Amino acid sequence: FNHSYFSLLMSSIKIDDIINFAKANNQTHVCLTDTNLYGAIEFYNKEDYSESITNANKGYESVMKVIMGTNDGNADDLTNNIKNKLELPSAINKNGFKDRILMSLPYLRNELSSHGAGSEKITISKSLANLALNLAASLCTFVIEDLQHR
């Protein structure tokens, strides 16, 4: 697992350098573990929309991990814990909010770019990748702002 320059305090390695190293050493896969949205934006700009969605979700999960004070947990576990900390109007069911709103980005990631995609090549539109980037930014902003007001 590698960090790239998107995790500024952990590495200064450029993505292209990692890819070139992998190719030179006959590696077919590289796993990046960056923890922010910068990688998602670069992959979006390179039109690698699958990686853009994956990295947008990583950034979202990283924010939730910081809030929860943990290094562990997947999106389902993290959103289960986050939903109980949010101050939502009584008209909003917390479980419904978690499933429909907080899990919207992890749903896209699972269906389009990682777990759920399987071996089938899925064409991801620019607009779907853009939606994922905006969801990541909006969800992170919402969670942070809601919890700051306490």
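Let us look at the structure shown here. Fair warning: this is a prediction, and the values are worked out from it, not measured in the lab.

Side note on the nonpolar core
Among the nonpolar cores identified, the biggest contains 26 residues, and Tyr-60, Leu-86, Leu-102 and Leu-105 are the most heavily contacted of them. Every element with two or more residues in this core is listed here: helix 2 (38–45), helix 3 (49–68), helix 4 (75–83), helix 5 (94–102), helix 6 (104–113) and helix 7 (126–148). When residues of this core are assigned to their parent elements, the largest contribution, nine residues, is made by helix 7.

A short note on helix 7
The terminal C-alpha atoms of helix 7, which comprises 23 residues, lie 33 Å apart, in line with the 33 Å expected from a rise of 1.5 Å per residue. Regarding helix 7, the residues found buried are Ala-129, Ala-132, Leu-133, Leu-135, Ala-136, Leu-139, Cys-140, Val-143, Asp-146 and Leu-147. On the buried face of helix 7, the contacting elements are helix 2, helix 3, helix 4, helix 5 and helix 6.

Concerning helix 3
An α-helical segment advances 3.6 residues per turn. Residues three or four places apart therefore align on the same side. Along its 20 residues, helix 3 runs 29 Å from first to last C-alpha, staying within 8% of the 28 Å computed at 1.5 Å per residue. Of the surrounding secondary structure, the elements contacted by the buried residues of helix 3 are helix 2, helix 4, helix 5, helix 6 and helix 7. Positive backbone phi, approximately 70°, marks Gly-69, located one or two places after helix 3.

A short note on the packing of helix 4 against helix 5
The interhelical angle for the contact between helix 4 and helix 5, taken along N-to-C directions, is 135°, at an axis separation of 10 Å. Classified by the angle their axes make, helix 4 and helix 5 are oblique. Along this stretch, helix 4 crosses helix 5, giving a crossing that reads as right-handed. On the side of helix 4, the interface is formed by Asp-76, Thr-79, Asn-80, Ile-82 and Lys-83, while helix 5 contributes Lys-94, Asn-95, Lys-98 and Leu-102. In terms of residue class, the contact of helix 4 with helix 5 is built from two nonpolar, three polar and four charged.

Procedures and definitions
- Residues numbered from 1 in each chain as written.
- Predicted model: local features only at pLDDT ≥ 70, side-chain atom pairs only at ≥ 80, totals over all residues.
- Heavy atoms only, no water.
- Core = buried A, V, L, I, M, F, W, Y, C linked by side-chain atoms within 4.5 Å.
- Buried < 20%, exposed > 50% of the residue type's maximum accessible area, 1.4 Å probe, protein only.
- Helix = DSSP H or I, 4+ residues; strand = E, 2+ residues; numbered from the N terminus.
- Expected span 1.5 Å × (residues − 1).
- Contact = heavy atoms within 4.5 Å.
- Axes fitted to C-alpha atoms, helices over the stretch in contact; angles between N-to-C directions.
- Parallel < 35°, antiparallel > 145°, perpendicular 65-115°, else oblique.
- Left-handed = near helix turned anticlockwise from the far one by under 90°.
- Nonpolar A, V, L, I, M, F, W, Y, C, P; charged D, E, K, R; others polar.

This is a description of form; function is not addressed.
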